[in-house]
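This is what each chain is made of:
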Amino acid sequence: MAGRADARDGALPQTPEFTGKLKEKETRNDGVDAFFAADALSPFLRGAMLAQRPQRGIAMSSNPLVIFTPSGKRGRFEVGTPILHAARQLGVDLDSVCGGRGICSKCQITPSYGEFSKHGVTVASDALSEWNSVEQRYQDKRGLIAGRRLGCQATVQGDVVIDVPPESQVHKQVVRKRAEARDIVLNPSTKLFYVEVTEPDMHDPSGDLERLRDALASQWDLHKVAADLHILQSMQPVLRKGAWKVTVAVHLGDAENPPRIMHIWPGFYDGTVYGLAVDLGSTTIAAHLCDLQTGEVVASSGVMNPQIRFGEDLMSRVSYSMMNAQGADEMTQAVREGMNGLFTQIATEAEIDKRLIVDAVFVCNPVMHHLFLGIDPFELGQAPFALATSNALRLRADDLGLNIHPSARVYLLPCIAGHVGADAAAVALSEAPDKSDDLVLVVDVGTNAEILLGNREKVLACSSPTGPAFEGAQISSGQRAAPGAIERVEIDPATKIARFKVIGSDLWSDEAGFDDAIATTGVTGICGSGIIEMVAEMRIHGIVDAPGLIGTAEQTGSANVFEDGRTNSYLVYDGTAQGGPRITVTNRDIREIQMAKAALYSGARLLMDKFGVDHVDRIVLAGAFGAHISTKHAMVLGMIPDAPLDKVTSAGNAAGTGARIALLNTDARAEIEQTVRAIHKIETAIEPRFQEHFVNASAIPNAVEPFPILNSIVTLPTQTFNTGGGGNDASGRRKRRRA
């Protein structure tokens with residue numbers, strides 16, 4: 001049947017070895033689950049490989065595979081299926097107003113070609129139908145961005161990866177990396193100086209620039225000030241228009257560069273200049289526009305990282321660059337174009353001229369660092385994970401093709417190590433674990449989590465590849481954070497029915513007025529914070545057992561549990577009667593969350609081992625996602641070590657805060673460069689105990705750690721649903737009856 005998407009299921013292996021060490025020769029379920037658990041020895045590769053594992057019990061279809069990003073949803077469709085139809089069948093958020101007539105252009109998509117190891121597909125150049133007359137007509141009348149197609153016109157011809165750009169999404173993602181309130185010492189790199197310049201004299205044949213430099217030296221003690229060519233090209237009419245009185249923006253220089261004139265205004269300029277603090281993440285790019293004279297955050301905005309179409313996690317992008325000759329260049333171009341689009345957007349929102357942006361600070365993980373700079377990340381994909389450079393970088397905006405002031409300066413914070421980047425350095429600058437009297441664990445939760453543990457004695461750091469599940473990807477009803485996405489969940493202990501809140505409404509789903517409040521968005525799926533609370537609530541109320549198996553309706557006492565292929569699933573919301581989605585949590589969803597949270601916990605526990613402790617004094621959850629996590633539910637899942645809930649706090653977008661500190665206070669740049677040299681990096685990929693912790697942490701909350709503080713708050717059911725009977729085998733799958 002045309003347009004039918006293949007279903008997938010899965011369950012975490014239910015073996016006695018699950019609660020102890022993995023056997024070296026585990027053969028149950030064809031060894032697939034044991035292989036991926038054992039792959040914890042090289043966790044950074046886990047995310048890329050996990051998506052390629054065979055799906056149990058599924059006959060491989062000969063129909064082409066269609067994969068949508070950033071949602072991660074996929075399905076097989078017959079040749080000739082319109083991309084718009086495939087998106088609707090899978091519940092992908094692709095807009096269309098004209099009903100597929102090629103008129104509105106709302107359904108624009110971007111196909112990606114080449115080899116995608118994460119998805120296990122190679123996309124040929126003829127994966128979509130040829131450009132047709134309807135698309136040509138639209139191109140002639142309104143124009144399409146290069147590489148775009150209309151989803152209603154392009155049809156499936158082969159395996160294909162389709163990116164849905166933000167403007168084609170009905171429910172635009174909410175980029176939650178807001179600027180956190182913070183007192184910052186103001187000492188920016190660029191300041192304004194009003195000077196009176198000596199007029200030219202026939203008897204003193206010095207140039208205008210030389211006399212301007214003399215004025216800066218005599219009136220402001222600024223010596224040996226340099227100037228770029230564009231200053232020389234515009235300087236003379238400005239000096240004369242201002243009657244030899246001008247305001248000069250000067251970058252004050254640093255250890256590598258002398259002071260430099262950035263801009264000149266005639267007379268006294270009573271305006272200001274601006275800087276950008278940019279958090280370049282794997283999934284989102286967030287920017288904060290700051291007034292360099294007051295330190296005020298004038299505007300904040302964010303966009304999806306356009307590199308998502310090449311791979312949701314970092315290793316997938318490294319793999320794409322390895323397997324496609326121009327792969328790294330494609331990703332560099334994509335992220336720079338996305339960056340420039342964001343800068344235009346934020347300047348428009350603030351109603352300023354982009355040419356007034358004279359300084360920018362960037363923080364990012366090592367892979368994004370290299371791709372942003374145009375460096376092939378090949379070496380980061382294999383031991384010893386060598387960086388091209390770990391030092392801080394001081395560059396010009398035009399070196400990177402950034403469309404701001406032509407002389408704008410760019411500062412990239414130093415990286416800590418091969419998989420712990422400038423974003424972790426920014427978190428260290430913001431949260432200052434090296435200045436803490438108590439032992440603090442800082443966890444920057446994201447697609448690739450950075451973890452710091454330390455106090456005044458020492459600071460340790462590691463990274464852990466949690467993958468995109470916490471972002472709602474690889475979850476059957478998952479989605480990015482957007483209006484209509486479920487973000488809070490509670491399950492009634494008596495009825496075992498879930499109630500929830502969605503982004504955009506403060507009402508619970510069982511409260512009066514909820515339907516009216518969500519009339520414009522509907523209920524669209526589950527975002528990262530929602531799936532965490534959902535799985536934790538299912539564990540608290542006995543719907544999921546410790547190994548991660550969803551019980552039957554009889555075992556759980558929940559009418560919302562139903563058989564779903566060879567496992568069970570839980571019904572969260574059924575909006576099909578109103579034309580909406582049917583939102584469920586499957587055993588495969590549970591498994592994805594287990595893998596992600598196990599990687600996160602294992603990284604933290606490994607640092608605790610290295611520090612020689614079993615407990616920490618306090619935990620700080622950083623990152624946009626970390627700001628929206630319920631600490632109780634995170635601990636029920638076993639994402640973080642056992643600790644008093646009042647000692648678990650959120651720092652919001654700590655990497656973005658660190659970037660703002662470095663933007664507004666140049667002394668902080670020298671400070672973090674010194675701090676990074678003292679941080680000791682632990683490489684999880686070569687630590688044997690990471691595998692042991694990973695296997696133990698796959699249980700909910702943990703197979704061996706007691707979690708006494710959590711147990712004093714919540715009593716978790718002890719029953720397990722894999723009893724060896726009831727028609728299920730050890731993997732939670734129903735046994736076949738013999739004839």
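1. Focus on the overall build of the protein chain
Next up, step 1: Broken down by element type, the protein chain carries 19 helices and 29 strands.
Next up, step 2: Taking all 739 residues of the protein chain together, 61% fall into the buried category.
Next up, step 3: For the protein chain, long-range pairs separated by at least 24 residues make up 68% of all intrachain contacts whose partners lie at least 6 apart in sequence.
Next up, step 4: Within the structure as shown, the protein chain displays about 28900 Å² of accessible surface, and the carbon and sulfur contribution to it stands at 49%.

2. What about a nonpolar patch on the surface?
Next up, step 1: Taken together, Met322, Met323 and Phe378 make up a surface patch of nonpolar side chains, about 250 Å² in accessible area.
Next up, step 2: Residue position: Met323 is located in helix α7 (residues 314-323).
Next up, step 3: Given a relative accessible area of 38%, Met323 falls into the partly exposed group.

3. Points about the nonpolar core
Next up, step 1: In this structure, Phe68, Leu276, Phe343, Phe362, Leu402 and Leu413 are the most contacted members of the largest nonpolar core, which totals 118 residues.
Next up, step 2: Counting residues per element, this core draws most heavily on helix α8 (residues 327-350), which supplies ten residues.
Next up, step 3: If we skip the residues at most four places from it in the chain, Phe68 touches Lys73, Ile83, Ala86, Ala87, Leu90, Val92, Ile162 and Val164.
Next up, step 4: Counting 71 residues, the second-largest nonpolar core is a separate cluster that includes Ile532, Tyr570, Phe690 and Phe707.

4. A closer look at the pattern of salt bridges
Next up, step 1: As enumerated under the stated definition, the model contains 28 salt bridges in all.
Next up, step 2: For Asp434, the salt bridge identified is with Lys435, shortest N-O distance 3.7 Å.
Next up, step 3: Using a relative accessible area of 24% as the deciding quantity, one classes Asp434 as partly exposed.
Next up, step 4: By relative accessible area, which is 40% here, Lys435 ends up partly exposed.
Next up, step 5: Notably, a salt bridge pairs Lys435 with Glu671, separated by 2.9 Å at the nearest N-O pair. Here the residue Lys435 occupies a position in the loop between α10 (422-431) and β18 (440-444), and Glu671 occupies one in helix α17 (residues 666-678), the gap between them amounting to 236 residues.

5. Structural notes on the state of the cysteines
Next up, step 1: Following the criterion strictly, the structure yields zero disulfides and no others.
Next up, step 2: For the unlinked cysteine Cys152, the closest cysteine sulfur is that of Cys107, found at 3.7 Å.

6. Considerations on the confidence of the model for the protein chain
Next up, step 1: Mean pLDDT for the protein chain: 85, with 87% of residues reaching 70 or above.
Next up, step 2: In the predicted structure, residues 1-60 sits below a pLDDT of 50 and forms 156 contacts with residues beyond four places in sequence or in another chain.
Next up, step 3: For the stretch residues 725-739, pLDDT sits under 50, and the model shows 28 contacts to residues farther than four places along the chain or on other chains.

7. A closer look at the environment of Gly381
Next up, step 1: Take Gly381: it is sitting in the loop between α9 (366-373) and β16 (393-396).
Next up, step 2: Taking the relative accessible area as the measure of exposure, Gly381 reaches 13% and is therefore buried.
Next up, step 3: Each C-alpha atom of the pair Gly381 and His419 lies 9.7 Å from the other, and the pair is 38 residues apart in sequence.

8. Focus on unusual backbone geometry
Next up, step 1: Following Ile700, the chain continues into Pro701 via a peptide bond in cis, with omega recorded as 5°.
Next up, step 2: Its location among the elements puts Pro701 in the loop between α18 (688-697) and α19 (708-713).
Next up, step 3: Although it is not a glycine, Lys224 adopts a positive phi angle of roughly 55°.
Next up, step 4: Within the chain, Ala243 stands out as a residue other than glycine whose phi angle is a positive 55°.

9. Details of the sheet that holds strand β13 (residues 284-291)
Next up, step 1: Across the sheet, six strands lie side by side as β14-β13-β12-β15-β17-β16; this open sheet has mixed pairing. At either end of the open sheet lies a strand with only one pairing partner, and these are β14 (297-304) and β16. Going from strand to strand, the sheet's axes swing by 20° on average, the running direction of each strand aside.
Next up, step 2: Pairing between strand β12 (residues 274-280) and strand β15 (residues 357-364): seven bridges, direction parallel. Bridge pairing in β15 places Leu276 opposite Ala360.
Next up, step 3: Here helix α16 (residues 654-664) sits on the sheet and contacts β12, β13, β14 and β15; the angle it forms with β12, its principal contact strand, is near 150°.

10. Description of the pairing of strand β17 (residues 409-412)
Where a strand is regular, its side chains alternate between the two sheet faces.
Next up, step 1: The two faces of β17 match: Arg409 and Tyr411 on one face and Val410 and Leu412 on the other face are all buried.
Next up, step 2: Pairing analysis gives four bridges linking β15 to β17, with the strands arranged parallel. Paired with Phe362 across the bridge in β17 is Leu412.
Next up, step 3: Across four bridges, the pairing between β16 and β17 is antiparallel. Of the residues in β17, the one forming a bridge with Arg396 is Arg409.

11. Overview of the environment of Thr556
Next up, step 1: Among the structural elements, Thr556 can be located in helix α13 (residues 553-556).
Next up, step 2: On the accessibility criterion, Thr556 (4% relative accessible area) is buried.
Next up, step 3: A C-alpha to C-alpha distance of 8.4 Å links Thr556 and His541, two positions 15 residues apart in sequence.

12. Considering the sheet that holds strand β23 (residues 525-526)
Whenever strands of a sheet pair, they do so through backbone hydrogen bonds, lying parallel or antiparallel.
Next up, step 1: Strand order in this open sheet of three strands is β22-β21-β23, and the pairing throughout is mixed. Looking at the sheet topology across the chains shown, the edges are occupied by β22 (498-502) and β23.
Next up, step 2: Here strand β21 (residues 485-491) pairs with β22 via five bridges, running antiparallel. Considered in β22, the bridge of Arg488 is made with Lys501.
Next up, step 3: Strand contacts of helix α12 (residues 528-540): β21, β22 and β23, with the helix running at about 15° to β21, the strand carrying the most contacts.

The rules behind these values
Residues numbered from 1 in each chain as written. Predicted model: local features only at pLDDT ≥ 70, side-chain atom pairs only at ≥ 80, totals over all residues. Heavy atoms only, no water. Helix = DSSP H or I, 4+ residues; strand = E, 2+ residues; numbered from the N terminus. Buried < 20%, exposed > 50% of the residue type's maximum accessible area, 1.4 Å probe, protein only. Contact = heavy atoms within 4.5 Å. Areas by Shrake-Rupley, 256 points an atom, 1.4 Å probe, with all protein chains shown as cover. Patch = residues over 30% accessible without salt bridge, like charges linked within 9 Å, V, L, I, M, F, W, Y side chains within 5 Å. Salt bridge = Lys/Arg side-chain N within 4 Å of Asp/Glu carboxyl O. Core = buried A, V, L, I, M, F, W, Y, C linked by side-chain atoms within 4.5 Å. Disulfide = S-S within 2.5 Å. pLDDT = per-residue confidence, 0-100. Pairing = 2+ DSSP bridges. Axes fitted to C-alpha atoms, helices over the stretch in contact; angles between N-to-C directions.

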